[in-house]
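Structural features, examined
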Amino acid sequence: MLHYIGRRLLQLIPVLLGMTFVVFMIIRAIPGDPAQVILGQQATKEAIEALRAKLGLDNPWYVQYFDYLGGLLKGDLGESLRTTTPVSEEIWPYLAATFELSLFAVLIAVIVGVNAGIISAWFQNSWFDYTAMILALVGVSMPIFWLGLMMQYIFGIELGILPTTGREEVRNPIDSMTNLYVLDTILQGRFDQLGIVLKHLVLPGLALATIPMAIIARMTRSSMLDVMRSDYVRTARAKGQKMFWVVYKHALKNAIIPVLTIIGLQMGLLLGGAILTESIFAWPGVGRYIYEAINFRDYPVIQSGILVVAFIFVMINLFIDILYSLIDPRIKYD
Amino acid sequence: MSERKAILQVKGLQTSFFTDDGVIPAVDNIDFSVHEGEVLGIVGESGCGKSVTSLSIMGLVPSPPGKITGGKILFGDKELTKLSDKEMRNVRGNDVAMIFQEPMTSLNPLFTIGNQLMEAILIHKKGWSKKQASARAVEMLTLVGLPRADELMKEYPHQLSGGMRQRVMIAMALVCDPKVLIADEPTTALDVTIQAQILALMKDLNERLNTAVLLITHDLGVVAETCERVVVMYAGQIVEEGPVQTIFKDPQHPYTKGLLQSVPDMRYKKQRLYSIPGNVPKPGSVNTGCRFAARCEFAFDKCLTQNPDLYQTATVHKTRCFLYEDQEVSTHDRTLVES
Ligand SMILES: Nc1ncnc2c1ncn2[C@@H]1O[C@H](COP(=O)(O)OP(=O)(O)OP(=O)(O)O)[C@@H](O)[C@H]1O
Ligand SMILES: [Mg+2]
């Protein structure tokens, strides 16, 4: 197993390397110059040239690229052009905010999606099945920004029961240690603040969870329908087992394997969706961080920010592949 | 044999499938009983309703589209078709257990043998500890002739051969001492030598544990080796019933005769094996006359227009064929037999 993980990590190197190259080239194709953005419209040509030289932007692209790679090899993600702080320091609070939001969304998507799929399959053609599958169909075809805006309008403005932006109340800031506010408030025993933090998570979390939840529900249902017809499910029933355990023990463990693949793929889309959701809900996450960096042509932040997100995505998928082998004894790596 | 008590009685059972193409009466008014400790065979070609019969007894007919539409299934004084879900679960695996044709897919691939065996025990033995259940599971694995029972408990189905898996299935079925074991073509998917071993095991366990076995097969050879009595099914009906020796020596229904002629016999080197001309009609497609008439070389006018009854041609022999209508033993004898 360790062998396998090692090999997978080695395989990541060319993938991530290729990605850094593509991102590097694309952001330089965006019109605009960081030195110009930093110094403003009134800056003289000389001042801009001087800053470009200082930032190393006057070197040929391949020199810049290999400089950047050299830094990466030493674990240096570069410095923000705008704030001159190392990206590796700056990115943490944003990453934590995105992590909290995504984890919340994933938990909702998986728990609700998987259970809706199971119950739909168990009671195939019941009203629950029809309702859930119609909702799921609506869910997969829902544009995330439209959904986000509608939720803000209904729950935030019309009903006024949920906050629509940010992670905390300005008047009642959270004394953060980990930047994971849920964890912070629990560790500090500030349950009043925990309530506030959770309230802030609801709308962006739901907006982010909707599409993956719908896809997971549909996938779980069809996978369960397959499995429910299998011989071992009949064997479990012939033993006299309760239907609940037949479904949740025997069928689910088998049916979840293809669903896991989907969950892994959804994680990538979820990270993409996070960028959109974060800008709608003013969530101070890594999506917003990269988005703002793009506006400032802050090359190192864009490059390294995307690299970090991509790295997380591939790690999640590695984790899911390992999960397969834990669930299914027939899958043996190495 | 006949003085043994009937523990499982199927009376007038009808099971139909309600499909888009109409109602398929897969099992159409069948009667038979399984007596304490006996091995009863049910034979018939593919599609004649053997599996549906056994699933009906277990209350596991896939529904929808299937449904028991008539008749009774009596286990002791329990009417199985009338039981609640919960009561039926107490019967399954506990009073009546079942093993299936496909040992390769009948065990859950993601749980250990031990887990699945202990599950079967703990469902019915309330208050047993895991340790007791595990000891019982090991004991059963040993009983069905599996070596290294302790290690097997921790292994997964894919690590076992088909024959071993079928032994595990048998162990699992017998773990709560059921009165009746239904075995639906338990050896069809296995190769010949393993088949013989599994049949010998079932016969042996039947004698040692006194578990009645309802052995479903399409192979008369299997019946000859293992069963005491046999029920021959054709297109959802019983066409002949009697002790194995009688049926083999003196088959009455033309279908049974045809089946017997198509069994390979090692003693005679016939060049060609007999096969009954034609195919089994789809259930529900023959509504008038004898269902076998179209394939029967003895068929006469009446066979095409009237449906024959199951005639009692001897105290323990019944045949659904007009050729034996006049040989029926008197009703007086018949009541004696049935009581
Ligand atoms: N799920 C189902 N839906 C519709 N019809 C079915 C279903 N299951 C069985 N049947 C019908 O019931 C009939 C009897 O099927 P059954 O499985 O009992 O046959 P069998 O005697 O066990 O055959 P085999 O030797 O192939 O196992 C079939 O011909 C089929 O038409
Ligand atoms: Mg069958």
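The shown structure was predicted, so the numbers you read here are calculated from the model rather than taken from an experiment. (Residues numbered from 1 in each chain as written. Chains lettered and ligands numbered in written order. Predicted model: local features only at pLDDT ≥ 70, side-chain atom pairs only at ≥ 80, totals over all residues. Heavy atoms only, no water.)

Reports of interface size often rely on the accessible area that becomes lost once the parts have come together. All names here are of chain A. Parsing chain A into structural domains produces domain 1 (34-76) and domain 2 (91-327). Put simply, the middle of domain 1 and the middle of domain 2, counted by C-alpha atoms, are 39 Å apart. Taken together, the contact pairs 5 residues of domain 1 with 7 residues of domain 2. One can count 0 salt bridges joining domain 1 with domain 2. Taken together, the connections running from domain 1 to domain 2 amount to 1 residue pair in polar contact (both at pLDDT 80 or more). Looking at the side of domain 1 that touches domain 2, the elements that each hand over two or more residues are α2 (34-39) and α4 (61-73). Its residues placed into classes, the side of domain 1 that touches domain 2 shows 5 nonpolar, no polar and no charged. (Domains from an automatic or database assignment. Contact = heavy atoms within 4.5 Å. Salt bridge = Lys/Arg side-chain N within 4 Å of Asp/Glu carboxyl O. Polar contact = N/O pair within 3.5 Å; in protein donor to acceptor, adjacent residues only side chain to side chain. Helix = DSSP H or I, 4+ residues; strand = E, 2+ residues; numbered from the N terminus. Nonpolar A, V, L, I, M, F, W, Y, C, P; charged D, E, K, R; others polar.)

Take the sheet that holds strand β2 (residues 22-35) of chain B next. All names here are of chain B. On the basis of which strands lie adjacent, the open sheet formed by 4 strands has the order β2-β1-β4-β5 and antiparallel pairing. Of all the strands in the sheet, just β2 and β5 (78-79) have a single pairing partner and so form its edges. Bridge count between strand β4 (residues 66-75) and β5: 2 bridges; the pairing is antiparallel. Bridge pairing in β5 places Leu 74 opposite Glu 79. (Pairing = 2+ DSSP bridges.)

This part covers the interface of chain B and chain A. With 25 residues of chain B at the contact, the number on the chain A side is 19 residues. Between chain B and chain A lies a buried interface of about 2100 Å² when both sides are counted; carbon and sulfur atoms form 60% of it. When the area that chain B buries against chain A is broken down by residue, the three leading residues are Arg89(B), Leu110(B) and Glu119(B), summing to 28%. Taken together, the connections running from chain B to chain A amount to 2 salt bridges. As a salt-bridge pair, Glu119(B) and Lys239(A) come within 2.7 Å of each other at their nearest N and O atoms. Our count for the chain B to chain A interface comes out at 14 residue pairs in polar contact (both at pLDDT 80 or more). Elements supplying a minimum of two residues to the side of chain B that touches chain A: α1 (50-58), α3 (103-106), α4 (113-124) and α7 (162-174) of chain B. At 6 residues, the largest contribution of residues to the side of chain B that touches chain A is made by α4(B). Here the residues of the side of chain B that touches chain A are counted per class, giving 13 nonpolar, 8 polar and 4 charged. (Buried area = accessible area lost by both parts, 1.4 Å probe.)

A few words on the sheet that holds strand β3 (residues 39-43) of chain B. All names here are of chain B. Spatial ordering of the open sheet is given by β6-β7-β8-β3-β9-β10-β12-β11, a layout of 8 strands whose pairing is mixed. Here the strands that pair on one side only, and so sit at the sheet edges, are β6 (96-99) and β11 (311-314). For this sheet, the mean inter-axis angle between neighbouring strands, taken without regard to orientation, is 20 degrees. Both β3 and strand β8 (residues 212-217) contribute to a ladder of 5 bridges, which runs parallel. Bridging from a neighbouring strand, Val 39 pairs with Val 213 of β8. Running at roughly 155 degrees to β8, helix α8 (residues 192-209) makes contact with β3, β6, β7 (180-184) and β8 of the sheet. (Axes fitted to C-alpha atoms, helices over the stretch in contact; angles between N-to-C directions.)

So, about the UniProt feature "domain: ABC transporter" (unreviewed entry) in chain B. Taking the numbering used here, the UniProt-annotated feature "domain: ABC transporter" (unreviewed entry) corresponds to residues 8-260 of chain B. Along residues 8-260 of chain B the backbone is 40% helical and 28% strand, and the end-to-end C-alpha distance reaches 28 Å. (UniProt positions renumbered as here; feature names shortened; annotations may be inferred.)

Before going further, it helps to examine the packing of helix α7 (residues 144-158) of chain A against helix α11 (residues 243-280) of chain A. Residues and elements named next belong to chain A. Relative orientation of the contacting elements α7 and α11 amounts to 30 degrees, with a least axis distance of 10 Å. Here α11 runs roughly parallel to α7, going by the angle between their axes. The handedness of the crossing between α7 and α11 comes out as right-handed. Between α7, through Ile 144, Phe 145, Gly 148, Leu 149 and Gln 152, and α11, the contact on the second element is made entirely by Gly 273, Leu 276, Thr 277 and Ile 280. Along the lines of polarity and charge, the residues of the contact of α7 with α11 split into 5 nonpolar, 4 polar and no charged. (Parallel < 35°, antiparallel > 145°, perpendicular 65-115°, else oblique. Left-handed = near helix turned anticlockwise from the far one by under 90°.)

This part takes up the UniProt feature "transmembrane region" (unreviewed entry) in chain A. Residue and element names in this part refer to chain A. UniProt annotation of "transmembrane region" (unreviewed entry) refers to residues 12-30, 101-123, 130-155, 201-220, 255-281 and 301-327 when read in the numbering used here. Across residues 130-155, helical content stands at 88% and strand content at 0%; the span's end C-alpha atoms are separated by 26 Å. Taken end to end, residues 301-327 has its terminal C-alpha atoms 39 Å apart, with 100% of it in helix and 0% in strand.

Quick look at the UniProt feature "domain: ABC transmembrane type-1" (unreviewed entry) in chain A now. Here the UniProt-annotated "domain: ABC transmembrane type-1" (unreviewed entry) positions come out as residues 95-324 of chain A. With 80% helix and 0% strand, residues 95-324 of chain A has its two end C-alpha atoms placed 27 Å apart.

Glancing now at the site of ligand 1. All names here are of chain B. With respect to spatial proximity, 15 residues lie near ligand 1, and among them Ser 46, Gly 47, Lys 50, Ser 51 and Val 52 are the closest. Ser 51 places a side-chain nitrogen or oxygen 2.7 Å from an oxygen atom of ligand 1. Measuring from an oxygen atom of ligand 1, one finds a side-chain N or O atom of Glu 185 at 2.9 Å. Protein coverage of the free-state accessible area of ligand 1, which is 630 Å², stands at 70%. Counting only elements with at least two residues in the shell around ligand 1, the list comes to β1 (6-19), β2 and α1. The element contributing the most residues to the shell around ligand 1 is α1, with 3 residues. Looking at the shell around ligand 1 residue by residue, the classes come out as 7 nonpolar, 5 polar and 3 charged. (Near = heavy atom within 4 Å. Areas by Shrake-Rupley, 256 points an atom, 1.4 Å probe, with all protein chains shown as cover.)

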